Amino acid sequence: MSVFALFFDIAIAYTAIVHLLNNLFKLTLAGRKANIKTVLHFGLQAILFAFSLFDLIPKLKKVEFDTKYLPYW
């Protein structure tokens, strides 16, 4: 077993923790000025569809975009 395989799970966990803390930090900076009604109206829908839309519509799993639509190409 390689060294990478031994530490792979730990690296994923540490990455998740760093991203969670970064998002909480950004929430404290910008969250105070957010309109709660707007956040609930758009945010809850965005969270719901971000988790379930690609699973519900199998055709979306094969979506590809041309590189001309990507920034800085």
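Here is what the cut-offs are and how they apply
- Residues numbered from 1 in each chain as written.
- Predicted model: local features only at pLDDT ≥ 70, side-chain atom pairs only at ≥ 80, totals over all residues.
- Heavy atoms only, no water.
- Helix = DSSP H or I, 4+ residues; strand = E, 2+ residues; numbered from the N terminus.
- Rg over C-alpha atoms; globule rule 2.2 N^0.38 Å.
- Buried < 20%, exposed > 50% of the residue type's maximum accessible area, 1.4 Å probe, protein only.
- Areas by Shrake-Rupley, 256 points an atom, 1.4 Å probe, with all protein chains shown as cover.
- Patch = residues over 30% accessible without salt bridge, like charges linked within 9 Å, V, L, I, M, F, W, Y side chains within 5 Å.
- Salt bridge = Lys/Arg side-chain N within 4 Å of Asp/Glu carboxyl O.
- Expected span 1.5 Å × (residues − 1).
- Bend = angle between axes of the 7 residues up to and from the residue.
- Polar contact = N/O pair within 3.5 Å; in protein donor to acceptor, adjacent residues only side chain to side chain.

Engineer: Honestly, the overall build of the chain in this entry has me stumped. Any pointers?
Structural biologist: Helix and strand content of the chain: two helices and zero strands. Computed over its C-alpha atoms, the radius of gyration of the chain comes to 18 Å, more than 25% above the 11 Å expected for a compact globule of 73 residues. The C-alpha extent of the chain, read off along each of the three principal axes, is 50 × 35 × 30 Å. Counting every position in the chain, which comprises 73 residues, the buried fraction comes to 0%. Carbon and sulfur atoms form 72% of the exposed surface of the chain, whose accessible area is close to 7,500 Å².

Engineer: Please explain the environment of I57 as it appears in this structure.
Structural biologist: You can see I57 is positioned in the segment after α2 (36-56). Along the chain, I57 and L70 lie 13 residues apart, while their C-alpha atoms are 24 Å from each other.

Engineer: Looking at this model, I keep getting lost on a nonpolar patch on the surface. Mind explaining?
Structural biologist: Among the surface-exposed residues, L6, F7, I10, Y14, I17, L20, L21, L24 and L27 lie close enough to one another that they form a single nonpolar patch of about 930 Å² accessible area. As for its position among the elements, I17 is in helix α1 (residues 3-30).

Engineer: Teacher, can you tell me more about α2 here?
Structural biologist: Along an α-helix, residues three or four positions apart point the same way, because every turn accommodates 3.6 residues. The first and last C-alpha atoms of α2 sit 29 Å apart over 21 residues, in line with the 30 Å expected at 1.5 Å per residue. Along α2, the helix axis deviates most sharply at A50, where the bend reaches about 35 degrees. Its side-chain oxygen at 3.1 Å from the backbone nitrogen of K37, N35 defines the N-terminal cap of α2.

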